[in-house]
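# An overview of the molecular structure
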Amino acid sequence: MSEAGCITRVTGALVEARPLRDVALYELARVGDGGLLGEVIRLEGETATIQVYEDTNGLKVGEPVQPTGEPLVVQLGPGLLGSILDGVARPLELVAAEAGDFIQPGITVPTLDPERRWPFQPRVSPGRRLLPGDVVGVVEERAGRQLPILVPPDIAGVLAEISPGDFTVADTVACLEDGTALNLAHRWPVRRARPAARRLPAGRPFITGQRVFDFFFPITEGGSVSVPGGFGTGKTVIEQSLARHAAADVVVYVGCGERGNEMADVLNEFPQLMDPRTGHSIMDRTVLVVNTSNMPVAAREASVYLGMTVAEYFRDLGFSVAVMADSLSRWAEALREIGSRLQEMPGEEGYPTYLGNRLGKLYERSGRVVALGAPEREGVITLISAVSPPGGDFSEPVTQASLRVCGALWALDPALAHQRQFPAVDWETSYTLYAEETTAWFAERVSADWPDLRATLLELLQRERELREIAGLVGPEALQDKDRLLLSAAHLIREVVLGQSAYDPNDAASPVEKTYRLASLAYELYQAALAGLDAGIGLDQLDMEPARRALTNYRNAPAGEAQAWADTASTALARLREQAAAAGDASGSPAAATDEAAEGCASAAEDQEDRQAQVSP
Amino acid sequence: MTDFSRIYHGARSAGGPLIFLEKTPQVAMGEWVTITAPDQPPRRGQVIDAGREITVIQILEETLGLPPAAAEITLTGQTATAVVGRELLGRTFNGVGQPIDDLPAPVGEARVPIWGAPLNPVRRGRPGEFIETGVSAIDGMNTLVRGQKLPVFSGPGLPGLELAGQIVENARAPRGEPFAVIFCAIGITAHETYTFLNRFERSGAMERSVLYLNEARDPTIERLLAPRVALSEAEYLAFKCGIHVLVVVADMTHYCEALREIATAREEIPGRRGYPGYMYTDLAGLYERAGTVLGREGSVTQIPIVTMPDDDITHPIPDLTGYITEGQLVLSRELHRRSIFPPLDVLPSLSRLMNSGIGRGKTVPEHREWANQLYAVYTQGREARLMATIVGEAGLGEADQRALGFAERFEREFVGQGSWRRSIGDTVELGWQLLETLPRDDLLRVSDPTWEARRAATA
């Protein structure tokens, strides 16, 4: 380990120290008498600039700085799932046990519990040649979940010794012929992407349980999506809904520079929520990385890398991992803040010029891969990152840099949020580059007409926006019946397909079958009503209300009653069709009736009454 | 930190509120400094950049007449602290916590660093206790809960401070728990202070309040310290004494301008509109001091007032504030022009913690549905109003005409309640009465069971 130096300057989160010889870039150092954790980010001669992960108030010029000889690493192994870490991988529960309710600087605690013993079962025998990433055994983390133990990515050799038993994370469970010890846990520098054998193309859809995403803007497992939105548009609610309901084996939630009370919400709620796929608490599949906005800014920068490294570890074990990063803008701002203190020449809006580059590298740590080692395992990281553009303006650098590297955009719109249309996803601006792969999967697994229905509904919503502009000029009453019907159908689609309350216990997660059924029934209603108009019935005479009410109830119903409401909706639709058919028979010529209907609702309604008078006995 | 002071004779240079000191081998970040000079009043300052060769000190008071070469600068060896305790209740202080009510300085129960330490997220309680402010547009539509930070986005000439005054006067702890108000004025005018204080004294709220006043004529730098001193007292009252504390800070816009002034004096690289790039982090350091702590009685609730320059909600100050706080209460110039008080525009307003503070056992069971329905019809009414300006009211559909009429009454009667206090029960009842002017088919957000329950209750 190199010799200690002395602090020569303190400015914000940065400390300058000298003389420091033989230190490396990104090496960790203990700063000051309190031993604050910091990272060397610039070296000039014997002067090192260190970003400090803790509050620098009270640090004094002349206090010692001790390099540790190691970069920022995280301990990966059994016990990681369910933990709540700060930006530099300290479990917050242990920090609280050491320092009390308020975080004090200079605390050192291990990421994984050093005391706890895990039952280990070897899966390989001595004499075998081990390569990086090979599974040497498993640990039963809890009933029903086995966690593979890997040869770390930077180690290989012939296995000399391995034994079953109960071990702590630091115990030697196996030994290579060259004397290298293998433990249940290993350490990995968070800034270095973990290697994989090879990358795979996009796979199946990533099922979010949110209709607007699954139906309109689906992404694949291993894909990445950017979720920009001004404040109050519901980014965090979306991130949290996905963390709760998305189909993933492991969720890494990075609360980066966000609100403390929101994290308290997550911490309070997740342990009580059940994962329907496993029957265990949702917390059992989650790792939370929490660095709220009032915690030190340098640790905020590190927290995103920490989250990605944890995700890569579970990917390497063969899991499907979802990373929720909330929000990358705060991470970018941390870069900006540190860059500006380093007196770097700023790029756009004061952000450092390497912003796009770093962001790209971060996004590229997601994806679907074949993990290193035997047996062959496929692992996936899906990245959902919130972006907080200042003033809700998407032209700002972080949003734009994200869009260049992610595969989908879920754009949130304040106007929709003001109308309390949640999730406030703007269906015109949002896009997905994964539409083809994913809708093909849905067509095969759910219903063959999924891709067509999706395209049709998107078109209908598009047409609605145009019509609303016209209606804004001439008034809705001046529109033709068909156009008014379209407005009303689009309204229904917005209510029951796009709209979904994260707080409604029955609708917070929508299975894909329900998503499809709602979309399909809403469209059938439109079709049936259109047939009614064609048959010459005026829009005001069409009895759409029962079907509409049934659809709303279907959306809100608990799983047990859903089917009944779907059936009610179907029955109401059938009745509407009968109404149309009857009118069509009565008028004899639907084509003529269509022209009449097009002339205006009043005349059509009169005609309708006339016709009814004619057919009645 | 060691507690000895060192004296330097003469600073190398000075500029604006900053002085620069040479050869300072033991200086500490954030260290408190006193500056004296012949024929000059004593000044206080703080180390904001600590270096062995050059140290930057920010001076609290006006630097007019300060000769840097002749100044005597004492590094006190202490960081900024404030006296806190229950005996401060009923008292008035300046922005650094010195009494300005002609009474002796309080001894207090403790002396704490004003920077505060971040509350460990795992020790945070989940805010969920309803605070009745007596304002329908807040209690009904954007419910405030204990431990929340909910800013008022006001505009020049809009009654943001009046609304805050009304809330302070009327806010109640539902079960009579200990309750206190801390008012922190930052850069407001003497007139505003006078109006606010007058109101305080009339309502008898003074004895449960602590006031920290930094007026427009007071030193700029004090503006950066005032909210921190106030929040230190708030945290002490809340988490040491078990009191529910409501902190009103007016006006955060002045705070941010002081922040910008100092950043510019330090020649930092400016961010958007000249505000420093770390303004988000800095503001978070204040706003995040609201909250509750697991296993402790009290709470800190914040109502900061932000004046949006030119009513622009995308201006960096309201924008960054909105990203940190749990919602916002937005005042509308249009409603204000129509003499509606409080002129709260409920559509862009939002309380993120509302759902945890309402419902059965807290307000009324149907609160969420009821509020959703009011939002929905009111939104429709506002859209209809816009359309009516183009096509005329007669050109609207029947449902739109009904919604338009509803919106008018909603603004006049529900939002525009005047300075009277309205209980949550009365708020809910009034909302229902307005909704019941519409046919059932217009009220799709109200479920059948809720509708039946309401019918049964009123029958």
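About the cut-offs
- Residues numbered from 1 in each chain as written.
- Chains lettered and ligands numbered in written order.
- Predicted model: local features only at pLDDT ≥ 70, side-chain atom pairs only at ≥ 80, totals over all residues.
- Heavy atoms only, no water.
- Helix = DSSP H or I, 4+ residues; strand = E, 2+ residues; numbered from the N terminus.
- Rg over C-alpha atoms; globule rule 2.2 N^0.38 Å.
- Buried < 20%, exposed > 50% of the residue type's maximum accessible area, 1.4 Å probe, protein only.
- Contact = heavy atoms within 4.5 Å.
- Areas by Shrake-Rupley, 256 points an atom, 1.4 Å probe, with all protein chains shown as cover.
- Lys, Arg positive; Asp, Glu negative; His and termini not counted.
- Charge placed at Lys NZ, Arg CZ, Asp CG, Glu CD.
- Domains from an automatic or database assignment.
- Core = buried A, V, L, I, M, F, W, Y, C linked by side-chain atoms within 4.5 Å.
- Buried area = accessible area lost by both parts, 1.4 Å probe.
- Salt bridge = Lys/Arg side-chain N within 4 Å of Asp/Glu carboxyl O.
- Polar contact = N/O pair within 3.5 Å; in protein donor to acceptor, adjacent residues only side chain to side chain.
- Nonpolar A, V, L, I, M, F, W, Y, C, P; charged D, E, K, R; others polar.
- Pairing = 2+ DSSP bridges.
- Patch = residues over 30% accessible without salt bridge, like charges linked within 9 Å, V, L, I, M, F, W, Y side chains within 5 Å.

### So, the overall build of chain B
- Tallying secondary structure elements over chain B gives 13 helices and 18 strands in all.
- A globule of 459 residues ought to have a C-alpha radius of gyration of about 23 Å, and chain B, at 25 Å, matches this closely.
- In terms of overall dimensions, chain B has a C-alpha envelope of 80 × 50 × 40 Å along the principal axes.
- Taking all 459 residues of chain B together, 61% fall into the buried category.
- Taking all contacts inside chain B whose residues are at least 6 apart in sequence as the whole, residues at least 24 apart take part in 73%.
- Element-wise, carbon and sulfur atoms account for 52% of the exposed surface of chain B, whose accessible area totals about 17,000 Å².
- A gap of 3 Å separates the mean positions of the 47 positive and 58 negative side-chain charges of chain B.

### Section: the domain arrangement of chain B
- Its domain assignment divides chain B into domain 1 (6-79), domain 2 (82-357) and domain 3 (367-458).
- Each of domain 1 of chain B and domain 3 of chain B was reduced to a C-alpha centroid, and the two centroids are 61 Å apart.

### Quick notes on the nonpolar core
All names here are of chain A.
- Counting 95 residues, the largest nonpolar core has Ile384, Trp410 and Leu551 as the members making the most contacts within it.
- Residue contributions to this core peak at 12 residues, all from helix α13 (residues 512-534).
- Discounting residues that sit within four places of it in the chain, Trp410 has contacts with Thr208, Phe213, Phe217, Ile219, Val225, Ser226, Val227, Pro228, Leu242, Ile384 and Ser430.
- In terms of nonpolar packing, the next biggest core, distinct from the first, is built from 77 residues, Leu37, Val74, Leu76 and Leu147 among them.

### Focus on the interface of chain B and chain A
- Counting residues at the interface gives 80 residues for chain B and 75 residues for chain A.
- Taken over both partners, the interface formed by chain B and chain A buries close to 6,400 Å², and the fraction arising from carbon and sulfur atoms is 52%.
- Per-residue buried area on chain B facing chain A is highest for Met29(B), Arg126(B) and Tyr323(B); these three make up 12% of the total on that side.
- Applying the counting rule to chain B against chain A returns 10 salt bridges.
- Ionic pairing is found between Glu383(B) and Arg468(A), a salt bridge with its closest N-O pair at 3.7 Å.
- Counting across the chain B and chain A interface gives 30 residue pairs in polar contact (both at pLDDT 80 or more).
- Every element with two or more residues in the side of chain B that touches chain A is listed here: β5 (43-51), α4 (222-240), α6 (279-287), α7 (316-324), β18 (344-351) and α10 (367-391) of chain B.
- No other element matches α10(B), which puts six residues into the side of chain B that touches chain A.
- Grouping the amino acids of the side of chain B that touches chain A by side-chain chemistry returns 36 nonpolar, 24 polar and 20 charged.

### So, the sheet that holds strand β10 (residues 129-130) of chain A
All names here are of chain A.
- The strand order across the open sheet built from four strands is β10-β13-β15-β16, with neighbouring strands paired in antiparallel fashion. Because the sheet does not close on itself, it has two edges, and the strands there are β10 and β16 (181-183).
- Bridge count between strand β13 (residues 157-162) and strand β15 (residues 172-176): three bridges; the pairing is antiparallel. Each residue of the ladder has a partner; that of Ile162, found in β15, is Ala174.

### Some words on a nonpolar patch on the surface
- Taken together, the side chains of Ile470(A), Leu473(A), Val474(A) and Ile390(B) present a nonpolar region at the surface, about 380 Å² in accessible area.
- In terms of residues, the nonpolar patch owes the most to one element, helix α11 (residues 450-474) of chain A, which gives three residues.
- For Ile390(B), a relative accessible area of 52% corresponds to the exposed category.

### Some points on the environment of Gln148(B)
- Assignment of secondary structure puts Gln148(B) in the loop between α1 (136-139) and β11 (152-154).
- Note: C-alpha distance between Gln148(B) and Ile131(B) (17 residues apart in sequence) is 10.0 Å.
- Once residues within four sequence positions are removed from consideration, Gln148(B) is found in contact with Asn261(A), Thr143(B), Ala290(B), Val300(B), Thr301(B), Gln302(B), Glu326(B), Ser351(B), Arg352(B) and Leu353(B).
- Of note is the side chain of Gln148(B), whose polar atom sits 2.9 Å from the backbone nitrogen of Val145(B).

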